[in-house]
Amino acid sequence: MLKLDGLDDALVGECQTWDGGSRVGRLVYSGEAILGILRDRDGMSEEDAWDWVDFNIEQAWVGLSTPIVVWEVSWDDLAEREPDDG
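Counting its regular elements, the protein chain contains 3 helices and 3 strands. For the protein chain, the α and β elements follow one another from N to C terminus as β-β-α-α-β-α. In terms of overall dimensions, the protein chain has C-alpha extents of about 40 × 35 × 20 Å along its principal axes. The buried share of the protein chain, taken over its 86 residues, is 26%. Sequence-distant contacts in the protein chain: of pairs separated by 6 or more residues, those separated by 24 or more amount to 52%. Roughly 6100 Å² of accessible area belongs to the protein chain as shown, and the carbon and sulfur atoms make up 49% of that amount. Across the protein chain, the 6 positively charged side chains and the 21 negatively charged ones have centroids separated by 9 Å.

Next up, the structure:
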């Protein structure tokens, strides 16, 4: 499993995903906790932290063990999304 360096405090746990019949272990991180670390430890603004997460984590593919970032949502948040919002 690949880890996100310097973001241990944002680690939520691990999960197993499947690829072509093989199980792959992946680490799971809290997106909110990552943003907090970047703001508090690194002094980033909210916007810079979001941009950093988007570019350096969410758009990065480093193989089957790429870590997963989860974002907390409520049912109301999901109901408000447009069908093509993902």
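Between side chains of opposite charge, a pair can form when the charged atoms approach closely. Taken as a whole, this structure holds 3 salt bridges when the rule is applied. With its nearest N and O atoms 2.7 Å apart, the salt bridge here joins Arg 41 to Asp 42. When its relative accessible area of 38% is taken as the criterion, Asp 42 is described as partly exposed.

On to a negative patch on the surface. On the surface, Glu 47, Asp 48, Asp 51, Asp 54 and Glu 58 cluster together into a patch of negative charge. Tracing the sequence through the fold places Asp 54 in helix 2 (residues 46-58).

Here we come to the sheet that holds strand 3 (residues 68-70). As summarised here, the arrangement of the 3 strands in space is 1-2-3, forming an open sheet in which the pairing is mixed. Strands with a single pairing partner mark the edges of an open sheet, and in this sheet they are strand 1 (11-19) and strand 3. Direction aside, neighbouring strands of the sheet carry axes that sit 35 degrees apart on average. Both strand 2 (residues 22-30) and strand 3 contribute to a ladder of 3 bridges, which runs parallel. In the strand pairing of strand 3, Val 28 is matched with Ile 68.

Moving on: the packing of aromatic side chains. For any pair of aromatic rings, the description rests on two quantities: the centre-to-centre distance and the angle between the ring planes. A full pass over the atoms with the stated rule returns 1 aromatic pair. Aromatic pair Trp 50 and Trp 71: ring centres 4.8 Å apart, planes at 15 degrees, arrangement stacked. Of this pair, Trp 50 sits in helix 2 while Trp 71 sits in the loop between strand 3 and helix 3 (75-80), and the two are 21 residues apart along the sequence. Look at Trp 71 and you get partly exposed, because its relative accessible area is 25%.

Counting buried positions along strand 2 yields 7 of 9 residues, so the element is predominantly enclosed. Two elements, strand 1 and strand 2, share 8 bridges in a ladder whose sense is antiparallel. Across the sheet, the residue bridging to Gly 13 is Val 28, located in strand 2. Once strand 1 ends, the chain turns through 2 residues before running back antiparallel as strand 2, passing Gly 20 with a positive phi of about 55 degrees.

Rules used throughout
Residues numbered from 1 in each chain as written. Predicted model: local features only at pLDDT ≥ 70, side-chain atom pairs only at ≥ 80, totals over all residues. Heavy atoms only, no water. Helix = DSSP H or I, 4+ residues; strand = E, 2+ residues; numbered from the N terminus. Buried < 20%, exposed > 50% of the residue type's maximum accessible area, 1.4 Å probe, protein only. Contact = heavy atoms within 4.5 Å. Areas by Shrake-Rupley, 256 points an atom, 1.4 Å probe, with all protein chains shown as cover. Lys, Arg positive; Asp, Glu negative; His and termini not counted. Charge placed at Lys NZ, Arg CZ, Asp CG, Glu CD. Salt bridge = Lys/Arg side-chain N within 4 Å of Asp/Glu carboxyl O. Patch = residues over 30% accessible without salt bridge, like charges linked within 9 Å, V, L, I, M, F, W, Y side chains within 5 Å. Pairing = 2+ DSSP bridges. Axes fitted to C-alpha atoms, helices over the stretch in contact; angles between N-to-C directions. Phe/Tyr/Trp six-rings, centres within 6.5 Å; stacked < 30°, edge-to-face > 60°.

Nothing here speaks to function; it is all geometry.
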